[in-house]
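# Fold and geometry: a report
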Amino acid sequence: MTMPTWVQPVATQMLHGLGATAEVAAVSIAASVVLGLALGMLATLGDKMLRLVIGAYIELWRGLPVIVTLFFIFFALPAIELTLPPIVAAEMAIVLWGSANLAVLVRGAIESIPRGQFEAAAAIGFSWPKRMVHIILPQALRRLLPPALGIVVILIQLTTISSLIGVHDFLGVARLSIERLTLTTGDTHAVPILGTVLIVYFAISNTLNALSRWLERRLQVQ
Amino acid sequence: MRSRASEQIPASLRPLVEVRGVKKRFGSNEVLKGIDMTIAGGEVVVIVGPSGSGKSTLLRCLNRLEGIDGGEILFEGRSVSDYREHDLRQRIGMVFQQFNLFPHLSALDNLTIAPRKIHRTARAVCEARAHELLARVGLAAKAGSYPSQLSGGQQQRVAIARALMMEPRVMLFDEATSALDPELIGEVLAVMRQLADDGMTMAVVTHEMQFAREVGNRVVFMDGGQIVEQGRPDAVLLNPVEPRTRQFLKRISQ
Amino acid sequence: MGEAGYVFMPQVIWLHLPQLAQGLLRTLGASALGIVAAALIGLVFGAARAYRVPVASQVAAAYVALFRGTPILVQIFFLYDALPELGIRLDVAEVAVLALALWGGSYNTENFRAAFGAVPGGALQAAAALGMPAHLRFAWIALPIAFRLVLPALGNTSISVLKDSAYLSVIAFAELTYVATNIVATEFRVFEMFAVLAVTYLGMVLLLSWGLSRITAHLAARGTVGDA
């Protein structure tokens, strides 16, 4: 079976695009996790002001459509004389959403742990950071992991918004290829190209979801 | 024992319900090992026995909530499998241990929904009859209440009224008072007793031995999927013949 | 530009109010249609999954896996750019509603599936014991109870659909975000427009969340499932 001539160059480009997507995903996920964990833990501290501020942060970045956040960052940065590459703007938008949602999860998981655990840990002499790290978080993690993985899957899907501000990610390259092909050959080939994008994301999401379910089962047994 | 309407009516030529050699298994577990039993019109049959003896399963086979693996069950002279499922169940009423009221409907609507939707009876007609039945079970004032607003005893009485709305020929009671707080059991047993006095044919699975003695026409003792002993209540409950019956009665009286 | 600082000029908002209002109307219109369609899709497919209706259940499973497992942006572009290749030509508004309906419907399918599964088996047994045939049990017992159970999840998915309507700006559907970003592109008034978008979207989300909690509280007080 011979491939039509347009396939090879497009495929190569899209592979590069996939690499860019992976980069955006990795950075966004890492930053969201770190920030989300920090905010979630701080939200359980009991300081009213802190809780309010973090609560506002969460409501804001969860309540807004991510694309609105993205456009704001993209257009706002130049306005205050700050220029960052588009890829960073995209990552910032994704991280704001991701950290807000993860903060909710972390806060909920920590608050679901019985008071007694906190008191016992304090009674033994653990300072707050040590309490968190050695006693609370290990227990919270078990409740956290499956839904957190769900957020991660969405974060991977969110990387597509970077294509809207010129990043050459998987979707961006796909759309550029379609444009180019339409101009040069007259056929859009949108179905196979966008279809491939769908299939790849489909594979990634369902693999991670299967992993999440497996993890849930493993965690229940303990 | 008080005289009952049924003792003045001559026994019909055929029992209302006949159970012949009924067998039932769940997987590899044989729950009913050949049951032979009859229920005559107007009779109140009380079925007792340890848990796992198959009492509830037997009841649920009568209205085809469970299928059987051997033998046959006759209702009004016809095999229950010859009836259309929902036709059979409209003639046989059932009251569950967990009440099973419809949580999204008021007490009144719980009673009227079946006749309205199945028989397309007019709402006004149904509601009139429903109010009557609710009054009969002592809950006239609760017609507009929702199940979550009623006590267990009240819910069960509504459940009995609901079953009566369909004008069944037989009423099946599956441990109707077992899920109730002790102080609420009496009100439900009173309703059941009244039903019996009015001539209803009843099959009652219960642990309430006093009820069995005072209201039952016949007591059936089941154990391990078989009928061990049956007869008049005084006979079975006060002078049991079988050692297993004796053991069971001794255990529950402690 | 080129000034030392940024001066907040709300006049820009008043100037473009008619446009923005029209954009908001489109947002609400497309979202409303999408939400209703998504609810219906979820109901049908959710019931099919819960009751293991042959063929329909498997189709529903594949549909859910596809639309929850892929980015909504790709779905939108596929519907807009790829469907014409397959002979289906839809205009922007149709793609807009379809995209929202398909995305929301996949989440609602899972919501309804869980809800139908949570209908107390005892109530269905009692209905059967009263002689109600299967289709009446579904219509008058399972469905009403499932609907009360699904409301919180249904509400949340619907709010998400409303937020997703912002994505439709990428296919030039003139909803609120599209209008606002165009104004930014021509007048460079980012913070004012962002303020409008923030207030509007957050306002709608908060309003809907509040309405949802009122409805669920009302049903719970009336003694529906969850208390029984």
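Residues numbered from 1 in each chain as written. Chains lettered and ligands numbered in written order. Predicted model: local features only at pLDDT ≥ 70, side-chain atom pairs only at ≥ 80, totals over all residues. Heavy atoms only, no water.

## With respect to the overall build of chain A
Which entries qualify depends on this criterion: Going along the chain from the N terminus, every DSSP run of H or I of four or more residues is numbered as a helix, and every run of E of two or more is numbered as a strand. Think of it in three bands: with a 1.4 Å probe and only protein chains considered, a residue is buried below 20% of the maximum accessible area for its type, exposed above 50%, and partly exposed in between.
The helix and strand inventory of chain A stands at 8 helices and 0 strands. When the helices and strands of chain A are read in sequence order from the N terminus, they spell out α-α-α-α-α-α-α-α. Principal-axis analysis of the C-alpha atoms gives chain A an extent of 75 × 50 × 25 Å. Residues classed as buried in chain A amount to 45% of the 222 residues present.

## A word on the interface of chain C and chain A
It is common to report an interface's size as the accessible area lost on association of the parts. The test is simple: Note on definitions: a residue-residue contact is assigned when non-hydrogen atoms from the two residues lie within 4.5 Å. Note on terms: buried area is the combined drop in 1.4 Å-probe accessible area of two parts once they are placed together, counting the loss on both. Any carboxyl oxygen of Asp or Glu within 4 Å of a side-chain nitrogen of Lys or Arg constitutes a salt bridge here. Here a polar contact means two N or O atoms within 3.5 Å. Within protein one must be a hydrogen donor candidate and the other an acceptor candidate, and residues neighboring in sequence count only if both atoms are side-chain atoms. Throughout this entry, Asp, Glu, Lys and Arg are counted as charged residues, while Ala, Val, Leu, Ile, Met, Phe, Trp, Tyr, Cys and Pro are counted as nonpolar. The remaining residues, Gly among them, count as polar.
Facing 34 residues of chain C, the contacting portion of chain A comprises 38 residues. Roughly 3100 Å² of surface becomes buried between chain C and chain A when both sides are summed, with 79% attributable to carbon and sulfur atoms. Broken down residue by residue, the surface that chain C buries against chain A is led by Val74, Glu85 and Phe194 of chain C, which jointly contribute 17%. Our count for the contact surface shared by chain C and chain A stands at 0 salt bridges. Applying the counting rule to chain C against chain A returns 8 residue pairs in polar contact (both at pLDDT 80 or more). For the side of chain C that touches chain A, the elements supplying multiple residues, two or more each, are α3 (56-68), α4 (72-82), α8 (176-187) and α9 (190-221) of chain C. Sort the elements by how many residues they give to the side of chain C that touches chain A and α9 of chain C lands first, with 9 residues. Here the side of chain C that touches chain A is built from residues that sort into 23 nonpolar, 6 polar and 5 charged.

## Comments concerning the sheet that holds strand β6 (residues 92-95) of chain B
The strands that make up a sheet are held in pairs by hydrogen bonds between backbone atoms, and each pair lies either parallel or antiparallel. Residue and element names in this part refer to chain B. Our working rule: If DSSP finds at least two bridges between two strands, the strands pair. Fitting a line to C-alpha atoms yields each axis, with helices limited to the stretch in contact; the angle taken between N-to-C directions then spans 0 to 180 degrees.
Pairing within the open sheet is mixed, and its 6 strands lie in the order β6-β7-β8-β3-β9-β10. This sheet does not close on itself; its edge strands, each paired only once, are β6 and β10 (226-231). With direction set aside, neighbouring strand axes in the sheet form an average angle of 20°. Direction of pairing for strand β9 (residues 218-223) relative to β10: antiparallel, over a ladder of 5 bridges. Pairing of Phe221 across the sheet is with Glu229, part of β10. Each of β3 (44-48), β7 (170-174) and β8 (201-205) touches helix α7 (residues 182-197); the most contacted strand, β8, lies at about 150° to it.

## Brief notes about the sheet that holds strand β4 (residues 70-75) of chain B
All names here are of chain B. Taken together, the 4 strands give an open sheet; going across it, the order is β2-β1-β4-β5, and neighbouring strands pair in antiparallel fashion. Each of the sheet's edge strands pairs with one partner strand only, and the pair in question is β2 (29-39) and β5 (78-79). Where strand β1 (residues 17-26) lies against β2, 8 bridges are found, and the strand directions are antiparallel. From the neighbouring strand, Phe26 faces β2, where its bridge partner is Asn29.

## Remarks on the nonpolar core
Selection criterion: Residues grouped as a nonpolar core are buried Ala, Val, Leu, Ile, Met, Phe, Trp, Tyr and Cys residues, joined through side-chain atoms within 4.5 Å.
One finds Leu20 and Tyr167 of chain C to be the most contacted residues of the largest nonpolar core, which totals 101 residues. If one sorts the elements of this core by residue count, helix α3 (residues 66-79) of chain A sits on top with 10 residues. When sequence neighbours within four positions are dropped, the list of residues in contact with Leu20 of chain C reads Ile13, Leu176, Val179, Ala180, Ile183, Met193 and Val196 of chain C. By size, the runner-up hydrophobic cluster in this structure holds 55 residues, among which are Ile118, Met166 and Ala203 of chain B together with Leu154 of chain C.

## Details of the interface of chain B and chain C
With 24 residues of chain B in contact, the opposing surface of chain C contributes 25 residues. Taken together, the two surfaces of chain B and chain C that pack against each other cover about 2100 Å², and 68% of this comes from carbon and sulfur. Counting the surface chain B buries against chain C, the share from its top three residues, Pro103, His104 and Lys117 of chain B, is 29%. Taken together, the connections running from chain B to chain C amount to 0 salt bridges. Run the count over chain B and chain C and you get 4 residue pairs in polar contact (both at pLDDT 80 or more). Here the side of chain B that touches chain C gets 4 residues from one element, more than from any other, and that element is helix α4 (residues 107-118) of chain B. Within the side of chain B that touches chain C, the residues separate by chemical class into 13 nonpolar, 7 polar and 4 charged.

## Structural notes on the side chain of Asp164 of chain C
Residue and element names in this part refer to chain C. Heads up, the rule is: When charges are counted, Lys and Arg are positive and Asp and Glu negative, with His and the chain ends excluded.
Position of Asp164 among the secondary structure elements: in helix α7 (residues 134-164). Of the side chains bearing the opposite charge, Lys163 lies closest to the buried Asp164, which forms no salt bridge; the N-O distance is 7.6 Å. What Asp164 contacts, discounting residues up to four positions off in sequence, is Ile72, Leu100 and Trp103.

## What to know about the arrangement of the chains
Contacts are most numerous between chains A and C, taken over all 2 pairs of chains that touch. One thing to see here is that chain A and chain B don't touch, and their nearest C-alpha atoms sit 27 Å from each other.

## Topic: α7 of chain B
Residue and element names in this part refer to chain B. For clarity, the cut-off: One fewer than the residue count of a helix, multiplied by 1.5 Å, yields its expected span.
With 16 residues, α7 ought to run about 22 Å at 1.5 Å a step, and its terminal C-alpha atoms sit 23 Å apart, in line with that. Among the residues of α7, Leu184, Ile185, Val188, Leu189, Val191, Met192, Leu195, Ala196 and Asp197 are the ones counted as buried. Downstream of α7 by a residue or two, Gly199 has a phi angle that is positive, lying close to 100°.

## Describing the environment of His189 of chain A
Assignment of secondary structure puts His189 of chain A in the loop between α7 (170-185) and α8 (190-221). Residue His189 of chain A is classed as buried on the basis of its relative accessible area of 17%. The spacing of His189 of chain A and Val7 of chain A is 182 residues in sequence and 9.8 Å in space, taken between C-alpha atoms. If we ignore the near neighbours within four places in the chain, the residues touching His189 of chain A are Trp6 and Leu181 of chain A together with Glu85 of chain C. One polar contact links His189 of chain A to Trp6 of chain A, side chain to side chain, over a distance of 3.3 Å.

## Things to note about the confidence of the model for chain B
Close reading of the predicted structure is inappropriate where its pLDDT is low. All names here are of chain B. Threshold: pLDDT measures how confident the predictor is about each residue, on a scale from 0 to 100.
Summing up the model confidence of chain B, the mean pLDDT is 90 and the portion of residues at 70 or higher is 95%. Confidence drops under pLDDT 50 across residues 1-11; counting only partners more than four residues distant or on other chains, this segment forms 17 contacts. Here the predicted complex carries an ipTM of 0.90, next to a pTM of 0.86.

## Here's the deal with the packing of aromatic side chains
The test is simple: Note on aromatic contacts: the rings of Phe and Tyr and the six-membered ring of Trp form a pair at centre separations within 6.5 Å, being stacked when their planes are under 30 degrees apart, edge-to-face when over 60 apart, and tilted otherwise. Put simply, a charge is over a ring when the Lys NZ or the Arg CZ is close to the ring centre, within 6 Å, and near the line of the ring normal, within 35 degrees.
Here the structure, examined in full by the defined rule, presents 14 aromatic pairs over all chains. Ring centres of Phe45 of chain C and Tyr63 of chain C lie 5.3 Å apart, and the angle between their planes is 45°; this geometry places the pair in the tilted category. Of this pair, Phe45 of chain C sits in helix α2 (residues 17-50) while Tyr63 of chain C sits in helix α3, placing them 18 residues apart in sequence. Owing to a relative accessible area of 23%, Phe45 of chain C belongs among the partly exposed residues under this scheme. The ring of Phe77 of chain C is capped by Arg175 of chain A, whose NZ or CZ atom sits 3.7 Å from the centre of that ring. Across the ring face of Tyr107 of chain C, the terminal group of Arg68 of chain C is positioned such that the distance to the ring centre comes to 5.2 Å.

## Digging into the side chain of Thr21 of chain A
One can find Thr21 of chain A in helix α1 (residues 7-42). The contacts of Thr21 of chain A, once residues within four sequence positions are left out, are Thr159, Asp169, Phe170 and Tyr201 of chain A.

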